[in-house]
There are 2 protein chains.
Amino acid sequence: MKKLKEIRMHLEENGIDLALVTTPDNVFYLSGFKSEPHERLLAVAVFRDAEPFIIAPKMEVPDVKAAGWTGESVGHEDTDDAWLIVEQAIRNRGITPSRIAIEKSHLNVERFERVKELYPEASFTGLDSKLNAMRNIKDETELEKLRKAAELADYAIGVGCREIAEGKTELEILTAIEFEMKKKGVSHMSFDTMVLSGKKTASPHGTPGDRKIRKGDFILFDLGVVWEGYCSDITRTVAFGEPTEEMRNIYETVKRAEQAAVDAVKPGVRAMDLDKVSRDVITEAGYGEYFTHRLGHGLGISVHEFPSLHGSNEMELQEGMVFTIEPGIYHPDITGVRIEDDVVVTANGVEVLTKFPKELQIIS
Amino acid sequence: MKKLKEIRMHLEENGIDLALVTTPDNVFYLSGFKSEPHERLLAVAVFRDAEPFIIAPKMEVPDVKAAGWTGESVGHEDTDDAWLIVEQAIRNRGITPSRIAIEKSHLNVERFERVKELYPEASFTGLDSKLNAMRNIKDETELEKLRKAAELADYAIGVGCREIAEGKTELEILTAIEFEMKKKGVSHMSFDTMVLSGKKTASPHGTPGDRKIRKGDFILFDLGVVWEGYCSDITRTVAFGEPTEEMRNIYETVKRAEQAAVDAVKPGVRAMDLDKVSRDVITEAGYGEYFTHRLGHGLGISVHEFPSLHGSNEMELQEGMVFTIEPGIYHPDITGVRIEDDVVVTANGVEVLTKFPKELQIIS
């Protein structure tokens, strides 16, 4: 597998004997097996000079294989000392690691102490930045899943629009959306679905409730799905009945700001510049103080991952990065509007994954 | 606050200067403030000889106070080095800790290395078992929240029963339940709601789907809510139309097994014995091989916490422990049945929090 090979090359280049990968998202990234093991041990062990293995709770070993892992799968039961089983699997490979890479931002002190007990002579280094760098750039297989997740998010927005009717509550619309998504085979949304109406749209982190929608409201949908382990995240704001001129003006400003950033995406552009392109449009229209958050965030196995698109991130975009672009204006006295797309940096520009129309939809 | 005092006593008794509590659930337990800070630092610092403080992302500091924390609240922004802010707050107390307690099963290596850098002379010890022991025993304030969470779970089962009708799918019933709970002010279920019908009830971890319910099915509901940070977890199995004699027999066996364990709860009984009381009823009825999991699990801020009620846990029950009792029979050719209550160990016996009837409900 390509990703395991890349880890092995990293071990080779840095004189590391063993890498222990313990974050569930990174175990999934390397093995295809997704699970939340809670306090039980789940890890992928990658060696410079031997075959990798995965250690998982015994009852999950069949699922590990079903997920496509073809290497060794070592099971452990609750009555076992899982680390002794790891140690045995390493010894079976004729290896006593003297330099070990761990996920320092994940592995807890208790486990670290166990590993140090097993290999008291070993030195340790972090694998975190290598894994972050790898996950930052999506390959074609990952992009396929992200495309499908985005397509389902588009569909969900369509469901939400169809559900809009006088007197319905935000929660009723939300429930209808999630029900349709479950029927489509989506077992989890990528975060709590947001349906906000009227002035509640002006709160970037509002909670959907019993408010009944009314003609003249903007209705803001922010939602996403998990598809084969990959997340989407879309926002659309639509009008229920005729909006006022100022609401239209806010909408069109956000739409231009969003499109400006989308159009500016290509390799070599800095994250901070992308944020600025979008923010400038909003500032020039006089709404700068109401755009209160960063432009966007990376998207993949996690709904918030690298890169972060904010005003002081000097990182240059690279082909294969995937992130959201989601400017907004939150005017407490008028309305809130946010428009959010998921985009991929391509060799020459951008691919937009979310395709629901951005022209203001007026639902009568 | 009583819990902070207990930590301070623990520090006193063990010659520890400072305890750093970093698990979000334990921060909530000690401060009343519930948050998922992701990669940002959120911690409670408790001292043997000084006032405690909480460090949180700056934007959350108002919420920390609103949650009832009256001590110092230190904020940090993304551009700050949060650990230097911690170090300053400790220095302001005139303290250079030489012995520090951490949550070894939570604090990651990266953070541990930062703390060691700040206090290179300090020695470290675990706070995990002390916190686990404290959380194991619920006080009256916690019990009030658990009672309310259980009451809402009872209500949810009632909703599910009312929704049962020929041709409805599992997902339709599930959606109706969750919608009603949202209207009741429940923002999160404590886990993915389960509605299974027909032979799907025979899978302890089945996934609700498009299956239409039919007369003659058993329908199994397994669900819970989070209320003011505390979880409930209930299972009821009901009949849609007349069940067969063997289905009735399985139901009555599980009911007797569940009640036998409930009746046996009192301080001093071992967890393993409680498991056995229930398992014996099922085994004597000839279904032993179909009861494939432990009797139950602790319940509180987390939906799975201490104690674990399984066949080799010699721990004696104590007043104030809260856990589920949930025997089941999963017969692949006939049906599955599980009945689950949430119970508290009282001075003399048991308080059952979940009150939905356990007599077989036959819905026509």
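This one's a predicted model, so the numbers in the text were calculated from it and none came from an experiment.

**Concerning the interface of chain A and chain B**
Taken together, the 21 residues of chain A in the interface contact 21 residues of chain B. Between chain A and chain B, roughly 2000 Å² of surface is buried when both sides are summed, and carbon and sulfur atoms account for 59% of that area. Ranking the residues of chain A by area buried against chain B places A:Lys104, A:Val109 and A:Phe179 at the top, with a combined share of 27%. The tally of links between chain A and chain B comes to 4 salt bridges. Between B:Glu178 and A:Lys182 there is a salt bridge whose closest N-O contact spans 3.8 Å. Counting the contacts that link chain A with chain B gives 12 residue pairs in polar contact (both at pLDDT 80 or more). Considering each element in turn, the side of chain A that touches chain B owes the most residues, 8 residues, to helix α8 (residues 170-183) of chain A.

**With respect to the side chain of A:Arg114**
Residues and elements named next belong to chain A. Secondary-structure assignment places Arg-114 in helix α5 (residues 109-118). Within the structure, Arg-114 has its side chain in polar contact with the side chain of Asp-81 (distance 3.0 Å). Setting aside its immediate chain neighbours within four residues, Arg-114 contacts Asp-81, Trp-83 and Leu-84.

**Quick notes on the packing of aromatic side chains**
As enumerated under the stated definition, the model contains 8 aromatic pairs over all chains in all. Ring plane angle 80° and centroid distance 4.9 Å describe the contact between A:Phe112 and A:Phe124, whose orientation is recorded as edge-to-face. Placement of A:Phe112 in helix α5 and of A:Phe124 in strand β6 (residues 123-126) is noted, with a sequence separation of 12 residues between them. Side by side, A:Phe112 and A:Phe124 carry an identical accessibility label, which is buried. When the ring of B:Phe28 is compared with that of B:Tyr230, the centres are 6.0 Å apart and the planes differ by 50°; the resulting orientation is tilted. Of this pair, B:Phe28 sits in helix α2 (residues 24-31) while B:Tyr230 sits in strand β10 (residues 230-231), and the two are 202 residues apart along the sequence. Exposure class is identical for B:Phe28 and B:Tyr230. Each is buried. Between the NZ or CZ atom of A:Lys34 and the centre of the ring of A:Phe28, over which it lies, the distance is 4.8 Å. Above the face of the A:Trp227 ring, A:Lys148 is positioned so that its terminal group lies 5.5 Å from the ring centre.

**A look at the packing of helix α4 (residues 82-91) of chain A against α5(A)**
Residue and element names in this part refer to chain A. α5 packs onto α4 with a crossing angle of 40° between their chain directions and a minimal axis gap of 11 Å. Regarding the angle of α4 to α5, the classification is oblique. α4 and α5 meet at a crossing whose hand is right-handed. Across the interface between the two elements, Trp-83, Leu-84 and Glu-87 of α4 pack against Arg-111, Arg-114, Val-115 and Leu-118 of α5. Here the contact of α4 with α5 is built from residues that sort into 4 nonpolar, no polar and 3 charged.

**Re the layout of surface pockets**
Residues and elements named next belong to chain B. Each pocket or cavity is described by its volume, and for the second largest pocket that value is around 390 Å³. Its residues placed into classes, the lining of the second largest pocket shows 9 nonpolar, 6 polar and 7 charged. The residues that make up the lining of the second largest pocket include at least three from each of domain 1 (2-135) and domain 2 (140-363).

**Regarding the sheet that holds strand β11 (residues 234-240) of chain A**
All names here are of chain A. Overall, mixed pairing links the 4 strands, which are arranged β7-β8-β11-β19 in an open sheet. Among the strands making up the open sheet, the edge pair consists of β7 (194-197) and β19 (362-363). Pairing of strand β8 (residues 218-223) with β11 involves 6 bridges; the strand directions are antiparallel. Among the inter-strand pairings, Phe-221 is bridged to a residue of β11, identified as Arg-236.

**Things to note about the UniProt feature "domain: Creatinase N-terminal" (unreviewed entry) in chain A**
Residues annotated in UniProt with the feature "domain: Creatinase N-terminal" (unreviewed entry) correspond here to residues 4-137 of chain A. Secondary structure across residues 4-137 of chain A divides into 40% helix and 20% strand, with the first and last C-alpha atoms of the span separated by 15 Å.

Cut-offs and rules
Residues numbered from 1 in each chain as written. Chains lettered and ligands numbered in written order. Predicted model: local features only at pLDDT ≥ 70, side-chain atom pairs only at ≥ 80, totals over all residues. Heavy atoms only, no water. Contact = heavy atoms within 4.5 Å. Buried area = accessible area lost by both parts, 1.4 Å probe. Salt bridge = Lys/Arg side-chain N within 4 Å of Asp/Glu carboxyl O. Polar contact = N/O pair within 3.5 Å; in protein donor to acceptor, adjacent residues only side chain to side chain. Helix = DSSP H or I, 4+ residues; strand = E, 2+ residues; numbered from the N terminus. Phe/Tyr/Trp six-rings, centres within 6.5 Å; stacked < 30°, edge-to-face > 60°. Buried < 20%, exposed > 50% of the residue type's maximum accessible area, 1.4 Å probe, protein only. Lys NZ or Arg CZ within 6 Å of the ring centre and 35° of its normal. Axes fitted to C-alpha atoms, helices over the stretch in contact; angles between N-to-C directions. Parallel < 35°, antiparallel > 145°, perpendicular 65-115°, else oblique. Left-handed = near helix turned anticlockwise from the far one by under 90°. Nonpolar A, V, L, I, M, F, W, Y, C, P; charged D, E, K, R; others polar. 1 Å grid on protein atoms, 1.4 Å probe; cavity = no way out; pocket = protein on both sides within 12 Å on 5 of 7 lines; lining within 4 Å. Points joined across faces, edges and corners; volume = space filled by probe spheres on them. Domains from an automatic or database assignment. Pairing = 2+ DSSP bridges. UniProt positions renumbered as here; feature names shortened; annotations may be inferred.

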